[in-house]
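So the chains spell out like this:
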Amino acid sequence: MTDQAAYLGVGASLTGRRWIGPTAEEDRLAEAMAQDTALPPALCRTLVKRGVRASDAAAFLAPTLRDLLPDPRSLRDMEKAATRFLAAVKARERIAVFADYDVDGGSSAALLLVWLRDMGLRATLYVPDRIDEGYGPNDAAMAALAKDHDLIVCVDCGTVSHGPIAAAAAADVIVLDHHLGAETLPPALAVVNPNRQDENGDLGHLCAAGVVFLMLVEANRQMKTAGNQGPDLMALLDLVALATVADVAPLVGVNRALVRQGLTVMARRQRAGLVALADVAGMDQAPTSYHLGFLLGPRVNAGGRIGAADLGARLLATADPVEAGALAERLDQLNTERREIENRVREAALEQATARGLDAPLVWAAGAGWHPGVVGIVAARLKEATNRPAIVIGLEDGTGKGSGRSVSGIDLGAVIQRVAAEGLLLKGGGHKMAAGLTVAEDMLPAAMDRIAALLDKQGAGALGPSDLRIDALLMPGAATVELIEKIAAAGPFGAGAPAPRFAFPDCQILFAKQVGTGHLKVTFGDGLGARIDAIAFGAMDGPLGARLTQHGGARFHLVGRLEVNTWQGRQSPQLRLEDAAPA
């Protein structure tokens with residue numbers, strides 16, 4: 001909570017939040033930027049929120065990899081990893097890629113598989129089963145791979161896999177990862193990870209696919225030095241963009257440029273797997289970070305959650321349109337099944353967590369038979385509903401496998417890693433905003449109590465309803481497609497760089513009704529002829545839907561994020577409605 005005065009006088013909105021607007025200093029800077037640059041005031045307010053100065057606005061609005069891509073060798077072990085990787089390619093050695101089962105793991109694996117295919121090599125793909133094997137390398141799988149391969153590359157996993165990597169002693173192992181490292185590193189030939197404890201953290205925002213891409217940049221650079229040409233790396237950026245957004249990596253620094261360029265590459269529809277996936281998802285417009293996070297990402301993830309773990313990586317790596325179509329259809333079916341399973345677990349988890357209390361430093365729930373593939377999504381839903389770190393655990397045969405999601409400012413991954421080191425968890429790790437764990441059922445209460453106590457020390461128990469931060473005031477008549485497209489230049493928007501949120505004051509509700517499954521459709525105006533459509537997903541389950549459909553002619557302040565809605569070839573502005581308050 002901030003001491004700043006409530007914006008538009010809204011101390012408690014329909015969703016119980018206090019609205020916080022721009023500061024006087026932000027207003028001053030935005031006005032000065034608009035005068036200096038002739039950019040739209042709404043865009044200037046967005047840039048000021050990002051900490052961009054007027055003199056840097058032009059460069060910020062056109063990020064380039066040339067300017068932002070770091071030297072790969074700034075990461076420890078990078079040169080060693082790329083050198084060994086190229087030696088394996090030159091000697092035509094047998095290479096295996098051991099990947100995590102999520103979008104980041106699948107994209108990371110696909111990057112290597114496609115690069116190697118362009119070099120005339122076929123690598124073995126191994127993705128562990130979420131239920132039978134769990135996250136990361138295991139002794140049996142690594143030992144088996146080492147018998148038949150000369151080099152194993154672990155992507156999006158491996159940083160804390162000391163035993164399994166030791167079990168692969170017959171082969172060289174390279175780890176390309178981004179998860180938090182422990183005090184000691186596993187016995188791999190190279191561990192490239194911006195979140196190693198001996199790294200400075202400057203590149204800690206990279207996802208695993210970003211790390212893999214940097215290794216391929218270094219590999220191509222070494223090839224060029226030797227007088228050889230490597231595969232086209234720019235063509236691989238669609239995979240990096242998908243992983244960056246789907247893994248909720250902050251869209252700052254080089255990540256902005258990677259995603260911006262990756263979306264451009266994706267729009268060319270040249271990767272068979274992504275074309276097929278976009279088609280089954282019903283994407284009928286140029287891809288945005290929203291599409292990556294909410295349409296493509298969940299479908300790629302569905303295989304690792306409730307199906308065959310390697311489906312996502314195979315889809316992203318294939319060059320065969322027929323195979324891509326079949327894999328995309330299967331993943332789409334699995335995603336539908338995943339949603340049904342998720343809904344059942346979410347209802348049970350929310351009921352249990354509510355009975356336990358939603359104001360503790362940790363909100364958690366555990367249940368027998370809860371599918372391990374959906375506990376992370378359900379934890380995210382609990383976190384969103386309570387503004388508290390949340391953990392959801394599926395129990396089976398005396399063991400619980402769970403996943404946690406955190407809120408801004410609370411480092412969950414470090415807490416999970418500490419509790420695992422203390423022996424209350426069988427294993428656990430992750431990063432600030434997300435973590436995974438395995439716990440003996442009889443240790444569950446003690447482990448959750450300890451996690452809650454450590455989170456409380458970080459202030460998790462003092463969190464109230466989150467303030468809703470608003471970037472600027474806007475009138476319906478000013479919300480044009482042209483303005484929205486100009487604001488988009490400050491993107492891509494996502495984690496760490498949210499799209500600007502606008503308040504529309506004192507509006508008439510012209511139309512409001514339920515659409516689809518629990519969604520709210522609204523048309524509102526200023527009373528002077530200007531009007532705009534709005535959509536609020538899932539709002540009929542909460543206070544927004546009930547109050548706005550029964551508005552009785554009352555006027556409201558409305559808050560949300562603007563987007564361009566495309567329908568039958570026509571474009572119009574639309575507000576993604578997040579909150580409202582009586583005017």
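Just above sits the structure.
Residues numbered from 1 in each chain as written. Predicted model: local features only at pLDDT ≥ 70, side-chain atom pairs only at ≥ 80, totals over all residues. Heavy atoms only, no water.

Broken down by element type, the chain carries 20 helices and 18 strands. On C-alpha atoms alone, the chain measures out to a radius of gyration of 24 Å, which is about the 25 Å that the 2.2 N^0.38 rule sets for 583 residues. Across the 583 residues in the chain, those meeting the buried criterion constitute 54%. Across the chain, the fraction of contacts at a sequence separation of at least 24, relative to all contacts at a separation of at least 6, is 64%. Accessible surface computed for the chain: about 24500 Å², of which carbon and sulfur atoms make up 51%. (Helix = DSSP H or I, 4+ residues; strand = E, 2+ residues; numbered from the N terminus. Rg over C-alpha atoms; globule rule 2.2 N^0.38 Å. Buried < 20%, exposed > 50% of the residue type's maximum accessible area, 1.4 Å probe, protein only. Contact = heavy atoms within 4.5 Å. Areas by Shrake-Rupley, 256 points an atom, 1.4 Å probe, with all protein chains shown as cover.)

Attention now moves to empty space enclosed by the protein. Enumeration according to the criterion identifies 2 cavities of 30 Å³ or more in this entry. Quantified by volume, the largest cavity comes out at close to 50 Å³. If you go around the largest cavity, the residues you meet are Asp100, Tyr101, Asp102, Gly106, Val127, Val300, Gly303, Gly304, Ala309, Leu311, Gly312 and Ala313. Among the secondary structure elements, those contributing two or more residues to the lining of the largest cavity are α13 (289-306) and α14 (311-317). Its residues placed into classes, the lining of the largest cavity shows 6 nonpolar, 4 polar and 2 charged. Approximately 30 Å³ is the volume attributed to the second largest cavity. (1 Å grid on protein atoms, 1.4 Å probe; cavity = no way out; pocket = protein on both sides within 12 Å on 5 of 7 lines; lining within 4 Å. Points joined across faces, edges and corners; volume = space filled by probe spheres on them. Nonpolar A, V, L, I, M, F, W, Y, C, P; charged D, E, K, R; others polar.)

Note that strand β14 (residues 502-515) and strand β17 (residues 555-567) share 5 bridges and pair antiparallel. Bridging from a neighbouring strand, Ala503 pairs with Val559 of β17. By the bridge criterion, 12 bridges tie β17 to strand β18 (residues 570-582) in an arrangement that is antiparallel. Among the inter-strand pairings, Asn565 is bridged to a residue of β18, identified as Ser572. (Pairing = 2+ DSSP bridges.)

A word on a nonpolar patch on the surface. A surface patch of nonpolar side chains, amounting to about 340 Å² of accessible area, comprises Tyr290, Phe294 and Phe537. Counting through the fold element by element, Tyr290 comes out in helix α13. (Patch = residues over 30% accessible without salt bridge, like charges linked within 9 Å, V, L, I, M, F, W, Y side chains within 5 Å. Salt bridge = Lys/Arg side-chain N within 4 Å of Asp/Glu carboxyl O.)

Strand order in the open sheet formed by 5 strands is β3-β2-β4-β5-β6, with parallel pairing between adjacent strands. The two strands at the open ends of the sheet, each matched to only one other strand, are β3 (124-126) and β6 (190-192). Within this sheet the neighbouring strands show an average axis-to-axis angle of 15 degrees, counted without direction. Pairing of strand β5 (residues 172-176) with β6, which is carried by 3 bridges, proceeds in the parallel orientation. Note that in β6 the partner of Val175 across the bridge is Val191. Contacting β4 (151-155), β5 and β6, helix α9 (residues 208-225) runs over the sheet at an angle of about 120 degrees to β5. (Axes fitted to C-alpha atoms, helices over the stretch in contact; angles between N-to-C directions.)

The next thing to look at is the layout of surface pockets. Of the pockets and cavities examined, the second largest pocket occupies roughly 380 Å³. In terms of lining residues, the second largest pocket is bounded by 17 residues, among which Val217, Asn220, Arg221, Lys224 and Leu233 are the most central. It is α9 that contributes the most residues to the lining of the second largest pocket, 5 residues altogether. A breakdown of the residues in the lining of the second largest pocket according to their chemical character gives 9 nonpolar, 4 polar and 4 charged.

Of all 9 residues making up helix α12 (residues 272-280), 7 are buried, and the element is well covered by its neighbours. Within the sequence span of α12, burial applies to Ala272, Gly273, Leu274, Val275, Ala276, Leu277 and Ala278. Against α10 (237-246), α11 (254-267), α13, α14 and α15 (321-356) lie the buried residues of α12. In the segment just after α12, Gly282 is the residue with positive phi, at about 75 degrees.

It is worth spelling out the nonpolar core at this point. The nonpolar side chains of a soluble globular protein tend to be buried, and buried together. Ranked by size, the top nonpolar core spans 101 residues in total, and within it Phe85, Trp115 and Leu216 carry the most contacts. Here the element with the most residues in this core is α9; it accounts for 10 residues. In this structure, Phe85 is in contact with Leu112, Trp115, Leu116, Leu151, Val153, Ile174, Met215 and Leu216, ignoring residues within four places of it in sequence. Judged by nonpolar contacts, the second largest core, of 42 residues, contains Ala34, Leu43, Leu474 and Leu575. (Core = buried A, V, L, I, M, F, W, Y, C linked by side-chain atoms within 4.5 Å.)

A word on the environment of Thr64. Positionally, Thr64 belongs in the loop between α3 (57-60) and α4 (65-68). According to the relative accessible area criterion, Thr64 is partly exposed, its value standing at 31%. When the C-alpha atoms of Thr64 and Gly201 are compared, they prove to be 22 Å apart, with 137 residues separating the residues in sequence. A distance of 3.0 Å separates a polar atom in the side chain of Thr64 from a polar atom in the side chain of Asp67. (Polar contact = N/O pair within 3.5 Å; in protein donor to acceptor, adjacent residues only side chain to side chain.)

Right, let's get into the pattern of salt bridges. Applying the stated criterion to the full structure yields 31 salt bridges. Arg18 is the partner of Asp467 in a salt bridge, and the nearest nitrogen-oxygen pair spans 3.7 Å. Placement of the pair is Asp467 in the loop between α18 (444-457) and β12 (468-469) and Arg18 in the segment before β1 (19-20), with a sequence separation of 449 residues. Of the two residues, Asp467 and Arg18, both sit in the buried class. A salt bridge links Arg269 to Asp279, with the shortest nitrogen-to-oxygen separation between them at 3.3 Å.

Each pair of packed helices can be summarised by the angle the axes make with each other and by the distance between the axes. Viewed as axis vectors pointing N to C, α13 and α15 meet at an angle of 70 degrees, and their least axial separation amounts to 8 Å. Of the possible angle classes, the one that applies to α13 and α15 is roughly perpendicular. Here Pro298, Arg299, Val300, Ala302, Gly303, Arg305 and Ile306 of α13 lie close against α15, whose contacting residues are Leu331, Asp332, Leu334, Asn335, Glu337, Arg338 and Ile341. Here the contact of α13 with α15 is built from residues that sort into 7 nonpolar, 2 polar and 5 charged. (Parallel < 35°, antiparallel > 145°, perpendicular 65-115°, else oblique.)

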